[in-house]
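Here is how the chains run, residue by residue.
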Amino acid sequence: MVKGSLKRAAVLAVFGLAAFAAIALLAGGAEASFPQPWQLGMQQSASPVKENIAWLHNLLLVIITVITIFVLALLIYVMVRFRASANPKPTRTTHNTLIEIVWTVVPTLILVVIAVPSFKLLYFMDRTFDAEMTLKVNGHQWYWSYEYPDQGGFKFESYMIQDGDLKPGQKRLLEVDNRVVLPVDTNVRVLLAGTDVMHSWMVSALGVQTYVVPGRVNETWVRINKPGVYYGQCNQICGINHAYMPIAVEAVSKADFERWVAEAKRKFAVAPQDGNVRVAAAGDTPAAAK
Ligand SMILES: [Cu+2]
């Protein structure tokens with residue numbers, strides 16, 4: 001009897017240690033706003049949504065680890081204890097009410113424990129009700145364009161820097177010519193639409209992954225809590241250059257954001273459309289008519 005409970009305690013201790021080792025390994029892995037070689041864990045959080053995602057991920061990791069080790073231990077025990085040579089005359093038992101209740105109730109409780117924080121997070125990440133500004137994201141084959149309706153409505157396109165044009169320190173396949181600049185500690189409503197096919201705007205450190213669909217507007221939000229550059233990628237297969245339309249979000253202080261807006265308004269000013277448009281003449285070649 002004593003031997004049995006000792007064995008049980010030892011098994012429980014092993015479960016616990018394995019779970020914590022797995023969490024330490026996965027959660028402590030990387031601290032960066034871009035994917036790193038051999039990275040195991042998720043990128044460091046830079047928004048409340050991502051913090052909540054990381055928390056739920058760690059909870060699930062414990063549950064998954066414990067269940068997997070428990071089932072594995074049961075299988076090994078059964079294989080050893082009830083193998084033909086050790087157990088030549090098998091029992092004909094088919095029902096055990098207590099065990100049947102336990103294996104129904106315990107999984108139900110586990111599902112409830114997962115469902116409650118899961119639904120809470122789902123509604124939390126859905127939208128922000130007190131947005132301080134709006135960012136419009138447009139997906140194209142194969143680049144992004146961004147629009148700032150609350151800052152005068154300027155818009156610009158954001159293309160990946162090609163390998164040959166990379167400057168020292170720029171990240172291959174992640175750096176873009178025009179980064180999306182956003183202020184920190186600000187609730188930003190993000191509206192997303194597509195112009196051709198489906199794309200997906202995914203920035204890992206911000207916990208955002210929203211589909212970009214032609215003909216409809218999807219909504220999400222970010223609140224970036226520390227300055228930095230957060231890289232992401234299109235993660236909906238959208239055609240041949242799907243891998244070459246990265247996202248670079250640069251989070252700056254509110255004062256720096258105002259300065260950037262003033263500069264961006266000039267830089268990305270839309271050319272006046274009134275009266276100066278040259279009408280193509282009959283003899284123009286297509287190139288000259290532009
Ligand atoms: Cu895409």
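For the structure itself, look to the data block above.
Along every chain, residues carry numbers that run from 1 in the direction the sequence is written. In keeping with the model being predicted, local features are shown solely for residues with a pLDDT of at least 70 and side-chain atom pairs are shown and tallied solely at 80 or more, while totals for entire chains, interfaces and linings include all residues. In computing side-chain values, all of the structure's heavy atoms are included and hydrogens and water are not.

Describing the nonpolar core
Okay, step 1: Among buried residues, those of type Ala, Val, Leu, Ile, Met, Phe, Trp, Tyr and Cys that are joined through side-chain atoms within 4.5 Å constitute a nonpolar core. Think of it in three bands: residues with accessible area under 20% of the maximum for their type are buried, residues over 50% are exposed, and the middle band is partly exposed, with areas taken using a 1.4 Å probe on protein chains only. By size, the foremost hydrophobic cluster in this structure holds 37 residues, and its most contacted members are Leu 135, Tyr 146, Tyr 148, Trp 201 and Val 249.
Okay, step 2: Only heavy atoms matter for contacts: two residues are in contact if any of them lie within 4.5 Å across the pair. Beyond its immediate sequence surroundings of up to four residues, Tyr 146 is in contact with Leu 135, Lys 136, Val 137, Phe 154, Lys 155, Phe 156, Ser 158, Val 180, Trp 201 and Ile 247.
Okay, step 3: Core analysis: the second largest hydrophobic core is formed by 5 residues, Val 176, Val 229, Tyr 231 and Ala 248 among them.

Examining the pattern of salt bridges
Okay, step 1: Should a side-chain nitrogen of Lys or Arg be within 4 Å of a carboxyl oxygen of Asp or Glu, the pair is scored as a salt bridge. All told, the structure shown has 9 salt bridges when counted by the stated rule.
Okay, step 2: Glu 132 is paired through a salt bridge with Lys 254; the nearest N and O atoms lie 4.0 Å apart. Here the residue Glu 132 occupies a position in the loop between α3 (97–126) and β1 (133–140), and Lys 254 occupies one in helix α4 (residues 254–267), the gap between them amounting to 122 residues.
Okay, step 3: The exposure class of Glu 132 is partly exposed, given its relative accessible area of 45%.
Okay, step 4: Note that Lys 136 is salt-bridged to Glu 147, the shortest N-O span being 3.7 Å. Residue Lys 136 is located in strand β1, and its partner Glu 147 is located in strand β2 (residues 143–148); the two are separated by 11 residues in the primary sequence. Helix numbering and strand numbering both begin at the N terminus, where a helix is a DSSP run of H or I of at least 4 residues and a strand a DSSP run of E of at least 2.

Function cannot be inferred from these measures alone, as they are strictly geometric.
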